[in-house]
Each structure stands twice: as structure tokens, then as C-alpha cells.
Amino acid sequence: MNTQEGVYILGIESSCDDTSAAVLKDGVLLSNVTASQAVHEAYGGVVPELASRAHQQNVVPVVDQAIKKAGITKEQLTAVAFTRGPGLMGSLLVGVSFAKGFARSLGIPLIDVNHLQGHVMAHFIREPELSGGSKEAVQTTPPNGTPPNLGGEKIPPLPFLCLLVSGGNSQIVKVNAYNDMEVLGQTIDDAAGEAIDKCSKVMGLGYPGGPIIDKLARQGNPKAFKFAEPNIPDLDYSFSGLKTSFLYSLQKWVKDDPDFIEKHKEDIAASLEWTIVDILMKKLKKAVKQTGIKHVAVAGGVSANNGLRNAFHDAAKRYGWTIYIPKFSYTTDNAAMIGIVGYYKYLDKEFCPIDVPAFSKVTFK
Ligand code: KG4
């Protein structure tokens, strides 16, 4: 193990359809390499068996490239952090098994990371140029698990609220520390990203639907059509009713005019996006009121959405929130976010045994 020259963490992410590897030195990102899998586009969704096969092909070259781009050798690595779950089991097993073998062959510690914790912690990724233009950063031991703010970039103070919205999750999380996250509310059925992807499929658009809907929505009228919004208690979400309402509306319109979707795709996309953002923001505003916490972050693949980003900026102006919006490269699945959690766990000496299993479903530990 090499600790004299700094702490070098290799992060590995393989929970769904992105094979990603990143190297961080003392919590500062040196490289972040991701191989996305185009193979699923033809099927309109991720095919688990194809995803694990692609991970198997990609993992070695992606890790190799991440280490080379970081300008180090594998012998300089201090520890290997990997996504343990939740995610697709076949995909996870590739990253988990690779991480175990790699760490064991180098004789360095292994660190398991919760994928959702990674998304939230994407706000703590520091880049060399944001850390004073130097790859050198000062290492600080986190007091009570609190991540050190070394870079001077906009990092949320603890506690803060995080709206975590991805293809598999929609949650409002209260972040007390990097290793202490409370789920205040979550979807009782589908995730926001999943709803967007399914609606995009109904419209005959490609996969993943999120970026396509986002692009179309910018040219459409968000008030052109109305879709059902859920009415469920507390801070929980539901998107299955919206999906059904969207499907039935489109079926009815297409029956009357077979070209309806093509003629109105921008307005349909804008109205769908408006409805999803409205559902997400209503509960988030409620969470801010209930907790009194006005530092609010957004994370996960859907945080790339322009409508949602605009809604955050509006809320900042209207309600005095301080908002934290991740760089586009850290919204969808990436290994940098796994590496930053790995770094904090390394400082706390939170290692895992070699026989640790992957998990597909659990949310926060
Ligand atoms: O976080 P992520 O990469 O994977 C999961 O962990 O689930 O999120 C993927 C989800 C997909 O549903 C995708 O359609 C959505 O994020 N997404 C977007 C945008 N970019 C990706 N949704 C709306 N607008 C976008 N620009």
C-alpha cells in the first residue's frame, strides 16, 4: 500500500449500463472514464443479460484507461472502491468481482459503496482546476464523518436536503453526514426517470428517453396538455398513475388522428416534463418547510433535465434556497462519485471483507 505520496482511490461503477472507472488523489479527481452501452437502444430499455456481457468486455480497458489518464501506475493505488448495490445483479457482479480480484492482487483494501450514496456525494467531487489549479490537495480527517471542504467550490453544508432522481429511484434525502442519510420520502412505485423513459417509448422515441424528452420540451408549450398528478400523503412520490394517464391520452389522440404524436411531439414532451417537475418540486418544497433546511441539492440522471434545473433556480429566487446542481458529467452513473465516497470511507478506515456480496435492492445502509 502506498500512502506516503497521498491516498489514491480507484472507483468502479457497474450497477446498470455504464462501465466507469475513476482515480482520485486525496479526494481530487484525476480521471473519470465511462463506457456507455449503445447495445440497449434497439430494445428501448436496458437488457440485463446484455448489460453484464458488455461490462465484462469493458471493465478491463476502462480501468486501464482511468489509471493511465490519472498519470499513475496501478501499484500506486491505495484502495479500490466499488459499487456494491443497488442495481442489476448481473451488472454489479462484474464490477464487484473485478474490484475484489484487483484489490487482492495489489494487496490493498477494498471499500464497498452504496450507489445512491454515491449519487448524493457527487456534490463533493473536487476537480484539480477547482482546487486551486493543483492536483495536490491537503488531506484532512473528516470529523464525525463530515467530509472536509478542501476545494473552495460550492459544496453543500451539512445537513442538506437532496432530491435524488434517477432511472431507478426518486427520493428526498436528508444528508446529515456522508455516512448518515435519512430518506424522508420516496416513490411508492416507479421512479421519475423510469416514467420519462416509458413515456418516451410510448411516443416511439429512442432510449434513454430523458435526454430526448428534455430536448423536445425546450421547443414546446408546457401547458398544452394536462396529465394526471398523484395525490398521496407525506413526502412520498408516485409516477405509475402519470404513466397510465399519459398512455391513455396518447391512445385516444392517436385514434382520432394517427399523426397526432408527430405533429405535437414538442408540446407533449414539454407537458410531460412540466408535470414530472411539478410533482417532484411540490414534495421537495414540503420537505424544506418541514425540516427548515434551505440548502437543497439535486442528484441522479434526471438532475440533467433542464426543466428541473430551471425549477431549482426559480425556487432559489422565490424561496431563498441555496441550491446545488451537479455538473452534467456527474448526474448519470459515473465512478467519480463512487471514488469520493471511497475516499471518505478510506479516511474512516471503513473497509469490507473479500467475501462481501453485491445487493440489488437495498436503499441506504
Ligand atoms: O442515474 P442514472 O444514470 O441511472 C440510474 O442510476 O438509474 O439515471 C438514468 C435516468 C434515465 O431514466 C434517463 O432517462 C434519465 O436519467 N435522464 C434524464 C436526462 N438525462 C438522463 N431525464 C430527464 N432529462 C435528462 N436530460
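Heads up: the structure comes first, above all this text.
Residues numbered from 1 in each chain as written. Predicted model: local features only at pLDDT ≥ 70, side-chain atom pairs only at ≥ 80, totals over all residues. Heavy atoms only, no water.

## A closer look at the site of the ligand
To keep it simple, the criterion reads: Being near a molecule or strand, for a residue, means having at least one of its heavy atoms within 4 Å of it. For the purposes of these results, a polar contact is taken to be a pair of N or O atoms within 3.5 Å, where, inside protein, one atom must be able to donate a hydrogen and its partner to accept one; residues adjacent in sequence count only when each atom of the pair is a side-chain atom. Per-residue and other accessible areas were derived by the Shrake-Rupley procedure at a 1.4 Å probe size, with only the shown protein chains allowed to occlude residues. Any residue outside Ala, Val, Leu, Ile, Met, Phe, Trp, Tyr, Cys, Pro, Asp, Glu, Lys and Arg is labelled polar, Gly included; the first ten of those are nonpolar and the last four are charged.
Taken together, 20 residues lie around the ligand, and Gly167, Asp197, Gly210, Asp214 and Gly301 are the ones closest in. Here an oxygen atom of the ligand and a side-chain polar atom of His119 are 3.2 Å apart. Asp333 has a polar side-chain atom sitting 3.1 Å from an oxygen atom of the ligand. Calculation on the ligand without its partners gives an accessible area of 560 Å², and the protein chains cover 89% of this total. The class makeup of the residues in the shell around the ligand is five nonpolar, 12 polar and three charged.

## Topic: the packing of helix H5 (residues 209-217) against helix H7 (residues 260-291)
Put simply, the rule reads: Orientation is described by lines fitted to C-alpha atoms, with helices fitted over the stretch in contact, and by angles between N-to-C directions that extend from 0 to 180 degrees. Only DSSP runs of H or I with at least four residues qualify as helices, and only runs of E with at least two residues qualify as strands; both kinds are numbered from the N terminus onward. Roughly parallel means an angle under 35 degrees; roughly antiparallel means over 145; roughly perpendicular covers 65 to 115; every other angle is labelled oblique. In this scheme the handedness of a crossing depends on how the near helix is turned from the far one: anticlockwise by less than a right angle means left-handed, clockwise means right-handed. Here, two residues are considered to be in contact whenever any of their heavy atoms come within 4.5 Å of each other.
The interhelical angle for the contact between H5 and H7, taken along N-to-C directions, is 110 degrees, at an axis separation of 7 Å. With respect to H7, the element H5 is oriented roughly perpendicular. Crossing handedness for the pair H5 and H7: left-handed. In this structure, H5 uses Ile213, Asp214, Leu216 and Ala217 to contact H7, whose residues at the interface are Lys265, Glu266, Ala269, Ala270, Leu272 and Glu273. Here the contact of H5 with H7 is built from residues that sort into six nonpolar, no polar and four charged.

## Observations regarding unusual backbone geometry
What is expected of a backbone is that most residues other than glycine have negative phi and most peptide bonds are trans. Along the chain, Gly85 connects to Pro86 via a cis peptide bond; the corresponding omega equals -5 degrees. Its location among the elements puts Pro86 in the loop between strand E4 (79-85) and helix H2 (89-106). Put simply, Tyr207 and Pro208 share a cis peptide bond, and its omega is -5 degrees. Structurally, Pro208 can be placed in the loop between helix H4 (192-202) and H5. One non-glycine residue, Asp26, lies in the positive phi region at around 50 degrees. Looking at the element boundaries, Asp26 is found in the loop between strand E2 (18-25) and strand E3 (28-36). Even without being a glycine, Lys349 presents a positive backbone phi close to 55 degrees.

## Observations concerning the sheet that holds strand E5 (residues 110-114)
To keep things clear, this is the line we draw: Being paired, for any two strands, means DSSP has found at least two bridges between them.
Read across the open sheet, the five strands follow the order E3-E2-E1-E4-E5; overall the sheet is mixed. Looking along the sheet, the strands with just one partner apiece sit at the ends: E3 and E5. If you compare each strand with its neighbour and ignore which way they point, the axes differ by 20 degrees on average. Strand direction decides the pairing type here: strand E1 (residues 8-13) and E4, joined by four bridges, are parallel. Looking across to E4, one finds that Gly11 is bridged to Ala81. Sitting on the sheet, helix H1 (residues 48-69) touches E1, E2 and E3, and the angle it makes with E2 is about 20 degrees.

## Some words on a nonpolar patch on the surface
Note the threshold: Nonpolar side chains (Val, Leu, Ile, Met, Phe, Trp, Tyr) within 5 Å and like charges within 9 Å form the patches, drawn only from residues with over 30% relative accessible area and no salt bridge. What counts as a salt bridge is simple: a side-chain nitrogen of Lys or Arg found within 4 Å of a carboxyl oxygen of Asp or Glu. Here the term buried applies to any residue with accessible area under 20% of the maximum for its type, exposed to any over 50%, and partly exposed to those in between, with areas from a 1.4 Å probe on protein chains only.
A grouping of Val202, Leu247 and Tyr248 is seen on the molecular surface, where their side chains present a nonpolar patch of about 260 Å² in accessible area. For Tyr248, a relative accessible area of 54% corresponds to the exposed category.

## As for the pattern of salt bridges
In the structure shown here, the tally under the stated rule is 14 salt bridges. Overlapping salt bridges, with partners in common, bring together Arg84, Asp112 and Lys345 in one network.

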